[in-house]
Amino acid sequence: MSDLFTAESIVSLLTLTFLEIVLGIDNIIFISIAANKLARNDQPKARNIGLMLAMAFRLALLMGISFVISLSKPFTHIDAGWFKAALTGQSLILFAGGLFLLYKATSEIHHKLEGGEEEEIEGGGIKGKATISSVVTQIAVTNIVFSIDSILTAIGLTQNVTIMMIAVVLSVVIMMFFAGPVGSFVNEHPTIQMLGLAFLIMIGFMLVAEGAHLSEVVIFKQEVGVVPKGYLYFAIAFSLLVEFLNIRLRKTQTPVKLRGYEGRPDRDGMI
């Protein structure tokens, strides 16, 4: 216990908590978009259940950290000449999770752009579109993927399981505090919803690439690389900054008014 109060442990705790919050932003975006299908009075419940599930999955994985490490060992090898891979449990989970995010984000974008008229129910939300159980199930499936990715990051930063657990609890508590305002902001701004879905496509692609990289996939003698997360989160932060500036500009900008043609032919000598 005394090891938790050393300078190195405190720095590791603060750093890991910050990283868990950053890695949890995409989770909050997905939870907010999924909960948006529910009535407004049910959305906070779905968000809180989703984040509690995220914490439970992460703590369970940390308590079974030896199992998580065992998932990194290849259980089979594939060599088809042009295609080689050493499949692991981690890689399959990340690959399947990435495909799920790609499917879910693409279908949500298609629904918002091509879907029919939606009938709102009392208290907000969309009639017949989702129930709390279906939304929580989607959130739970996604949390499994995000939890694996989060724990892999934690293991790479520190070997102290207690610090990892404290960082997970702190990050989830902080995210629960901000999930409501983030969800309300996303719901009130359709452009942010579309941007969030585009982020999920990027993250899904990153997870597919990371899963292939962990499996040491080689296609036509070309190894599959990994997408640096720093680049990804910088792109997300930059896109959000630009959109926030656009939102602020739209609030202060006077709408453009087109001039009419009354009297114009006389002035121009056409009549």
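Before reading on, note that the structure itself is shown above.
Reading guide: rules and limits
- Residues numbered from 1 in each chain as written.
- Predicted model: local features only at pLDDT ≥ 70, side-chain atom pairs only at ≥ 80, totals over all residues.
- Heavy atoms only, no water.
- Helix = DSSP H or I, 4+ residues; strand = E, 2+ residues; numbered from the N terminus.
- Buried < 20%, exposed > 50% of the residue type's maximum accessible area, 1.4 Å probe, protein only.
- Contact = heavy atoms within 4.5 Å.
- Areas by Shrake-Rupley, 256 points an atom, 1.4 Å probe, with all protein chains shown as cover.
- Core = buried A, V, L, I, M, F, W, Y, C linked by side-chain atoms within 4.5 Å.
- Pairing = 2+ DSSP bridges.
- Phe/Tyr/Trp six-rings, centres within 6.5 Å; stacked < 30°, edge-to-face > 60°.
- Axes fitted to C-alpha atoms, helices over the stretch in contact; angles between N-to-C directions.
- Parallel < 35°, antiparallel > 145°, perpendicular 65-115°, else oblique.
- Nonpolar A, V, L, I, M, F, W, Y, C, P; charged D, E, K, R; others polar.

(A) Quick peek at the overall build of the protein. Along its length, the protein carries nine helices and four strands. When the helices and strands of the protein are read in sequence order from the N terminus, they spell out α-α-α-β-β-α-α-α-α-β-β-α-α. Counting the 271 residues in the protein, one finds 38% classified as buried. In the protein, of all internal contacts separated by at least 6 residues, the share reaching a separation of at least 24 is 78%. Accessible surface, the protein: about 15900 Å² in total, of which carbon and sulfur atoms supply 66%.

(B) Spotlight on the nonpolar core. The biggest cluster of nonpolar side chains holds 45 residues, and the ones touching the most others in it are Leu51, Ile203 and Leu207. Broken down by secondary-structure element, the contributors of at least two residues to this core are helix H1 (7-35), helix H2 (43-63), helix H4 (89-114), helix H5 (132-157), helix H6 (161-188), helix H7 (190-214) and helix H8 (229-252). Leaving out residues up to four positions away in the same chain, Leu51 has contacts with Ile28, Ile31, Val172, Met175, Met176 and Ala179.

(C) Molecular detail of unusual backbone geometry. Although it is not a glycine, Glu216 sits at a positive phi angle of roughly 55°. Its location among the elements puts Glu216 in the loop between H7 and strand E3 (218-219). A relative accessible area of 58% means that Glu216 is categorised as exposed. A positive phi angle, near 65°, is found at Lys221, a position not held by glycine. Structurally, Lys221 is set in the loop between E3 and strand E4 (222-223).

(D) Layout of the sheet that holds E4. Strand order in the open sheet formed by four strands is E1-E2-E3-E4, with antiparallel pairing between adjacent strands. In this open sheet, the two strands that pair with only one neighbour each are strand E1 (76-79) and E4. Where E3 meets E4, two bridges bridge the pair, whose relative direction is antiparallel. Bridge pairing in E4 places Val218 opposite Glu223.

(E) Main features of the packing of aromatic side chains. Counting across every chain of the model gives three aromatic pairs. The interplanar angle of 55° and the centroid separation of 5.7 Å between the aromatic rings of Trp82 and Phe83 together place this pair among those described as tilted. One aromatic cluster in this structure is built from Trp82, Phe83 and Phe220.

(F) Quick peek at the packing of H7 against H8. Between H7 and H8, the shortest axis-to-axis distance is 11 Å and the interhelical angle comes to 175°. Classed by the angle they form, the pair H7 and H8 counts as roughly antiparallel. For the pair H7 and H8, the contacting residues are Thr191, Ile192, Leu195, Phe199, Met202, Ile203, Met206 and Glu210 in the first and Lys229, Leu232, Ala235, Ile236, Ser239, Leu240, Glu243, Phe244, Ile247 and Arg250 in the second. Of the residues in the contact of H7 with H8, the class split is 12 nonpolar, two polar and four charged.

(G) Structural context of the side chain of Ser171. Relative to the helices and strands, Ser171 is located in helix H6. Assessed through its relative accessible area of 1%, Ser171 is described here as buried. Residues in contact with Ser171, not counting those within four places in the same chain, are Thr17, Glu20 and Ile21.

(H) Examining the environment of Ala235 more closely. Looking at the element boundaries, Ala235 is found in helix H8. Note: C-alpha distance between Ala235 and Phe199 (36 residues apart in sequence) is 9.2 Å.

(I) Fine view of the packing of H6 against H7. Following both chains from N to C, one finds H6 and H7 inclined at 110°, their axes separated by 5 Å at the closest point. In terms of orientation, H6 lies roughly perpendicular with respect to H7. Contact with H6, carried on its side by Phe185, Val186, Asn187 and Glu188, involves Pro190, Ile192 and Gln193 of H7 and no other residues of that element.

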